[in-house]
Amino acid sequence: MMFLASMIMPSDTSATAFSDIPDHHPLAPAILEGMKEGYVRLGQDRVFGSDIAITRSEFAFMLARASPYRSEITGCVERMRKSPVWNDWALSDADYDAYYGNALCVLQNYDLFGAFADDSFQPEEGVTFAEASRSLSLTFGLTKLSVPVLERQDWKILKPYASFLSAKKAIPPSVRGLAYPISRGDALTMLYRLRHPGKAMRLGVMEYQLASHLTDPAAWPVWQRYGMSIPYRETCP
């Protein structure tokens, strides 16, 4: 898997470093930037897997390293282990020595992503679009309102965060709904658009979707009349 394998950086970085992302692929610009900036990792199998659901550990790595807080990543875990609050702060199932450890550390410190109410992280579980919306909106300063994520099923209380992403045209058409897990491609697309808001605002009508499409199924027929159709997503939870 792309994120779990060891890091291999090609001497001449190009989108074709991933066998499934040729130069003409829509994700190619984001892949190139991600590899250059260090928030996309190239694994031994050289497969990005854009349609694969991103895990919480992968999302933590990508989000922190693409964020305005990336300068604080190095040594974060070491600093926290020296803190008197470490035992209460550390999540029970998070491996802080793993590739995502320092990234998760920074996100936890700023309450951007990580903990559930039972102090678990669940690193191999997926990330719902609702939770991703919260993390992305807070990380990129779209809002200062922080609603806690108590359980993975709490997507309904996180609905408003989708509106902040919607205003930035950051939501790709491939996102299926608030309660659905996002893919690696979804995560990378949203990060790239938030890092380049000017480019995102110039996107065509078929390249993004509005928050209303994910919260109100009645909006879809109107949108589809303008030429946009997502065959596998007809309703939302």
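Everything below is about the structure printed above this text.
The shown structure was predicted, so the numbers you read here are calculated from the model rather than taken from an experiment. (Residues numbered from 1 in each chain as written. Predicted model: local features only at pLDDT ≥ 70, side-chain atom pairs only at ≥ 80, totals over all residues. Heavy atoms only, no water.)

### Things to note about the state of the cysteines
Tallied over the entire structure, the rule returns one disulfide. Here cysteine 76 connects covalently by a disulfide to cysteine 105, the sulfurs 2.0 Å from one another. Handedness here is read from the sign of the S-S torsion; for cysteine 76 and cysteine 105, about -70°, the answer is left-handed. Placement of cysteine 76 in helix H3 (residues 76-81) and of cysteine 105 in helix H5 (residues 101-109) is noted, with a sequence separation of 29 residues between them. This pair shows no difference in class: cysteine 76 is buried, exactly as cysteine 105 is. (Disulfide = S-S within 2.5 Å. Helix = DSSP H or I, 4+ residues; strand = E, 2+ residues; numbered from the N terminus. Buried < 20%, exposed > 50% of the residue type's maximum accessible area, 1.4 Å probe, protein only.)

### Here's the deal with H5
Across the nine residues of H5, seven count as buried, placing the element largely inside the fold. Listed as buried for H5 are Gly101, Ala103, Leu104, Cys105, Val106, Leu107 and Gln108. For H5, the secondary structure elements touched by its buried residues are helix H2 (56-66), H3 and helix H4 (86-89). (Contact = heavy atoms within 4.5 Å.)

### Looking at the nonpolar core
Residues Phe59 and Phe129 are the most contacted members of the largest nonpolar core, which totals 65 residues. By residue number, the principal contributor to this core is H2, which donates seven residues. Filtering out sequence-adjacent residues up to four positions away, phenylalanine 129 remains in contact with Ala162, Leu165, Ile171, Val175, Gly177, Leu178, Tyr180, Ile182, Met190 and Leu214. (Core = buried A, V, L, I, M, F, W, Y, C linked by side-chain atoms within 4.5 Å.)

### Comments concerning the packing of helix H1 (residues 28-37) against helix H8 (residues 184-195)
Running from N to C, H1 and H8 point in directions that differ by 80°, and their axes come no closer than 10 Å. One finds that H1 runs roughly perpendicular with respect to H8. Residues Pro29, Ala30, Ile31, Glu33 and Glu37 of H1 touch H8, and the partners they reach there are Leu188, Tyr192 and Arg195. The residue makeup of the contact of H1 with H8, split by class, is five nonpolar, no polar and three charged. (Axes fitted to C-alpha atoms, helices over the stretch in contact; angles between N-to-C directions. Parallel < 35°, antiparallel > 145°, perpendicular 65-115°, else oblique. Nonpolar A, V, L, I, M, F, W, Y, C, P; charged D, E, K, R; others polar.)

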